[in-house]
Every structure is written in C-alpha cells, then in structure tokens.
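Summary of the model geometry
The chain contents come next:
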Amino acid sequence: MDYLKRVIEIIYPEMLDDDQPIWFLGSPIDKQQFLQSYAKVVWFSYRRRFKPIVDNNQEKCLRTDRNWGCMLRCGQMLLAAAYRRHLSQQYLDWDQDKILAKIIKWFYDSPKAYLSVHQIVYKGESIGNPVGQWFSPSAICWSLQLCVNNSPKYTGLKVYTARDSIIYLDELSEILSVESIDENWNTSVLFLIPCRLGLKKLNPIYLDSLFEYLSFPSSMGFIGGEPQSAYYFVARQGKSFFYLDPHTTQSIVKLHDGHFPMDSYFPKEMNRMRVKELDESLALGFYVHNKLEYDEFVERCGNLPDNIDSLFHFEEYTPVESGHNSISLNQEGDDFNMDM
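Residues numbered from 1 in each chain as written. Predicted model: local features only at pLDDT ≥ 70, side-chain atom pairs only at ≥ 80, totals over all residues. Heavy atoms only, no water.

A word on the overall build of the protein chain. The secondary structure content of the protein chain amounts to nine helices and 14 strands. Put simply, of all contacts in the protein chain between residues at least 6 apart along the chain, 74% involve residues at least 24 apart. Element-wise, carbon and sulfur atoms account for 47% of the exposed surface of the protein chain, whose accessible area totals about 15700 Å². (Helix = DSSP H or I, 4+ residues; strand = E, 2+ residues; numbered from the N terminus. Contact = heavy atoms within 4.5 Å. Areas by Shrake-Rupley, 256 points an atom, 1.4 Å probe, with all protein chains shown as cover.)

This is the structure we're talking about:
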C-alpha cells in the first residue's frame, strides 16, 4: 500500500514515541500494527454533488455537507468501526474486503442508503436539529440510534445512547426486546455516551478517566475535537491522541452497476492532537457483541482503579419525568461549537 509506505517513511518517525505503548480502539498494539490499522479505518469526509437534502419546510436544498457536517461524518466513522468489529465477529468466513464494501455501501451518500448523510440529517431534523445545522455530540448519537434501531435492515446491532451520562437498564432491555437485562441475549450493542469533561475547556482531572476508558477492550474511541472542528479519535499514545479528520471535501463517488471504488473512504494522512487542545464535549463509544461481553463491560466499569472517576454509570429505571423514548438535545453542557 503506497499510503502506508509513505506513512512509515515520513510520518512515523516524527509522530510516534518509541518508548510508550499505543492504544488503538481498546487494544495495545505495536507501531507497525498501528500504522496498518490506522490506514484501514473507514474515513468519511465532506462530500459534494450528492442528491439534495431538503428540509420539511422546503426552504433548504443542500447538495454538500461542507461547513456543517463534520460531527455527522465523525459519527458515521465511529458507527462504521463498530459495524466492522460486529460483522468480523458475526461472519467469521467473510474477508475484510467484503465486510468493508458492505459497510461503506450502507453509508453511501444517497437517500436510499440507511446510514447516509440524508437519513442521519432527516433523523436529526425529527428530534429538533435543523437541516444544515451542525450536530452536537448528543444530537449525532441520538440520530444514529434512530437510524440503526428503526431501520428495517436488521444487522444484529442496536445502539443505546446514554442520557446525562446514565445507562438505564429498563431502556436497554426494551431496545434488546428482553424482559430483563439479566436474561441471556445475543444482540450486539453500541453504547454511545455523550459527556462533558469540564466547563469551558477540558478539565485535567478527567484525563486519567478518559485514558482508562479508552483502554477498555470494548472501546470504539470517541468523537469530539476542538472548538469549531469535530474529529474521530481512534488511538492514544502518552498524552497525544490520533484521529481522523472529516474536513476534506470530495465529490460523491459514482456507482457502476452497484459497485464503486473505495479508495476515497480511507485516510490520506495521519493526525495527532495534544490532550490540552481537546474540547470538553465529546461522546465515547463502546461495542459489546453479546451478553457475555456486556457483563465484562459492566464489571470493568464497576471496578475502576481508586484514582479513576467514573464518567458514566448504570441505573435500573428511567426516572418518570424523563419518560421512555424521549430525546433531549439539550443535555447539560452539550454546547460543542463547530463549523460556524
């Protein structure tokens, strides 16, 4: 792979520390593995010339998501990474090229694709996020949940978005269609946890907690970034994060008999950010394949080291005032500003 060769020869010596481990989507890996893994992460960026996105009032007609869709694209990247892990475990006889082609097709920029920019925008509009407006971390999480859980295309994966950093077990049971979360179930779940780690900037007291959660085997990284820009963070080394940046505008890929080239769906460069540059509003992702992995996830959440503060927790029942299936895009502190 020419890109990987360029990364090894040019970027690798400058960006990676020889003496510190690299954590990539919940796994400690060496430098060579990291370079290969990073180069194969599905990358979604701004696109232009797709079929129009029209709002309910017929006042907006958009053919690009440039300048407003960065958090949306980051949400797509995190979900695509979860689907890749999911399908790799679900279909052991499938090779990675087949898995990647299927996933990218689900996200193709067409109203017919169930995870397209069109579908996500329309789900966002249904919960109060206007067409053409940037998505906050909580808004993209809820929109992705609606796209996945309400789709007629069953993939064996459900999405659960935490409310105010709380996972309510009665809601989770409802999504999984079980009477109790203690039952044996085989549905996979992507947990999305919008949270705020500071008031006007990231508070350093939360860093060790963030690092700890990113070391969970179930970790799918997080979406967030810096003021006015959102990124998908997939790895950490020391006090640096490595991320994919959606702020490149590409033309829509043309379909030919249902097939399309996939080169433009993989990163063209490696990006690094120092911890101190990170915005305080973000959303964590965790994937569990079945009840066994869920139990391991819950156990690990309940046995954090003494010096680690929990960034979210579990509760048995949803408060009456919250109500099942209600969605709020105004979670306290969820004011991530981007693309303005």
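Next, the rest of the story.
Grouped together as the largest cluster of nonpolar side chains are 71 residues, with contacts concentrated most on F34, L79, Y83, F107, L115, L190 and Y232. With twelve residues, the top contributor of residues to this core is helix α3 (residues 70–90). Listed in part, the 43 residues of the second largest apolar core include F191, V275, L278 and L304. (Core = buried A, V, L, I, M, F, W, Y, C linked by side-chain atoms within 4.5 Å. Buried < 20%, exposed > 50% of the residue type's maximum accessible area, 1.4 Å probe, protein only.)

For the rest of this paragraph, the subject is the sheet that holds strand β4 (residues 61–64). With respect to topology, three strands assemble into an open sheet ordered β4-β3-β11, the strand pairing being mixed. Of all the strands in the sheet, just β4 and β11 (249–251) have a single pairing partner and so form its edges. Across the sheet, the mean angle from the axis of one strand to that of its neighbour is 45 degrees, orientation sign disregarded. Across three bridges, the pairing between strand β3 (residues 46–54) and β11 is parallel. Directly across from Y46, in β11, lies its bridge partner T249. (Pairing = 2+ DSSP bridges. Axes fitted to C-alpha atoms, helices over the stretch in contact; angles between N-to-C directions.)

Further remarks concern the packing of aromatic side chains. This model, assessed by the stated rule, comprises 31 aromatic pairs. For the ring pair F216 and F297, a centre distance of 6.3 Å and an interplane angle of 80 degrees mean the geometry is edge-to-face. With F216 in the loop between α8 (207–214) and β8 (219–226) and F297 in helix α9 (residues 291–302), this pair connects stretches of sequence that are 81 residues apart. Taken as a pair, F216 and F297 share a single burial class, namely buried. Residues Y231 and Y243 carry aromatic rings whose centres are separated by 4.3 Å and whose planes lie at 35 degrees to one another, so their mutual orientation is tilted. One end of the pair, Y231, is in strand β9 (residues 229–237); the other, Y243, is in strand β10 (residues 240–244), and twelve residues separate them in sequence. (Phe/Tyr/Trp six-rings, centres within 6.5 Å; stacked < 30°, edge-to-face > 60°.)

Let us now look at helix α5 (residues 117–126). Residues of α5 that are buried: V117, H118, I120, V121, G124 and E125. An end-on view of α5 places all buried positions within 170 degrees of arc, on one side of the element. Buried-residue contacts for α5 involve β3, α3 and α6 (137–149). Phi turns positive one or two residues past the end of α5, at G128, with a value near 100 degrees. (Arc of directions from axis to C-beta.)

Trans peptide bonds make up the majority, and among non-glycine residues the majority have a negative phi. Positive phi, normally seen in glycine, also occurs at L25, with a value near 45 degrees. Positive phi outside glycine occurs at Q58, with the angle close to 60 degrees. By secondary structure assignment, the location of Q58 is in the loop between β3 and β4.

It is worth spelling out a positive patch on the surface at this point. On the surface, a cluster of positive charge is made up of R48, R49, R63, R66 and K254. Along the chain, R49 turns up in strand β3. (Patch = residues over 30% accessible without salt bridge, like charges linked within 9 Å, V, L, I, M, F, W, Y side chains within 5 Å. Salt bridge = Lys/Arg side-chain N within 4 Å of Asp/Glu carboxyl O. Lys, Arg positive; Asp, Glu negative; His and termini not counted. Charge placed at Lys NZ, Arg CZ, Asp CG, Glu CD.)

It is worth spelling out the packing of α3 against α5 at this point. Relative to each other, α3 and α5 sit at 115 degrees, their axes nearing to 11 Å. Regarding the angle of α3 to α5, the classification is roughly perpendicular. In this structure, α3 crosses over α5, and the sense of that crossing is right-handed. Here α3 contributes L72, R73 and Q76 to the contact with α5, which in turn contributes V117, I120 and V121. Split by residue class, the contact of α3 with α5 holds four nonpolar, one polar and one charged. (Parallel < 35°, antiparallel > 145°, perpendicular 65-115°, else oblique. Left-handed = near helix turned anticlockwise from the far one by under 90°. Nonpolar A, V, L, I, M, F, W, Y, C, P; charged D, E, K, R; others polar.)

With that out of the way, let us pick up the pairing of strand β5 (residues 157–161). Successive side chains on a regular strand alternate, one facing one side of the sheet and the next facing the other. For β5, the buried fraction is high: five of the five residues fall into the buried class. Every second residue of β5 is oriented toward a common face, with L157, V159 and T161 on one face and K158 and Y160 on the other, all of them buried. Relative to strand β7 (residues 188–196), β5 runs parallel, the two sharing five bridges. Paired with K158 across the strands is V189, a residue of β7.

A separate point is the side chain of R84. Of note, R84 is situated in helix α3. Salt bridges are absent for the buried R84, whose nearest opposite-charge side chain, D97, sits at 7.3 Å. Among the polar contacts made by the side chain of R84, one reaches the side chain of Q96 at a distance of 2.9 Å. Setting aside residues no more than four positions away along its own chain, R84 makes contact with K40, V41, Q96, I99, L100 and I103. (Polar contact = N/O pair within 3.5 Å; in protein donor to acceptor, adjacent residues only side chain to side chain.)

Interaxial distance between α3 and α6 falls to 10 Å at its minimum, and their mutual angle equals 50 degrees. On the basis of the axis angle, α3 is oblique to α6. When the axes of α3 and α6 are compared, the crossing they make is right-handed. Here M71, L72, G75, L79 and Y83 of α3 come into contact with α6, specifically with P137, I140, L144 and V148. Across the contact of α3 with α6, the residue classes tally to eight nonpolar, one polar and no charged.

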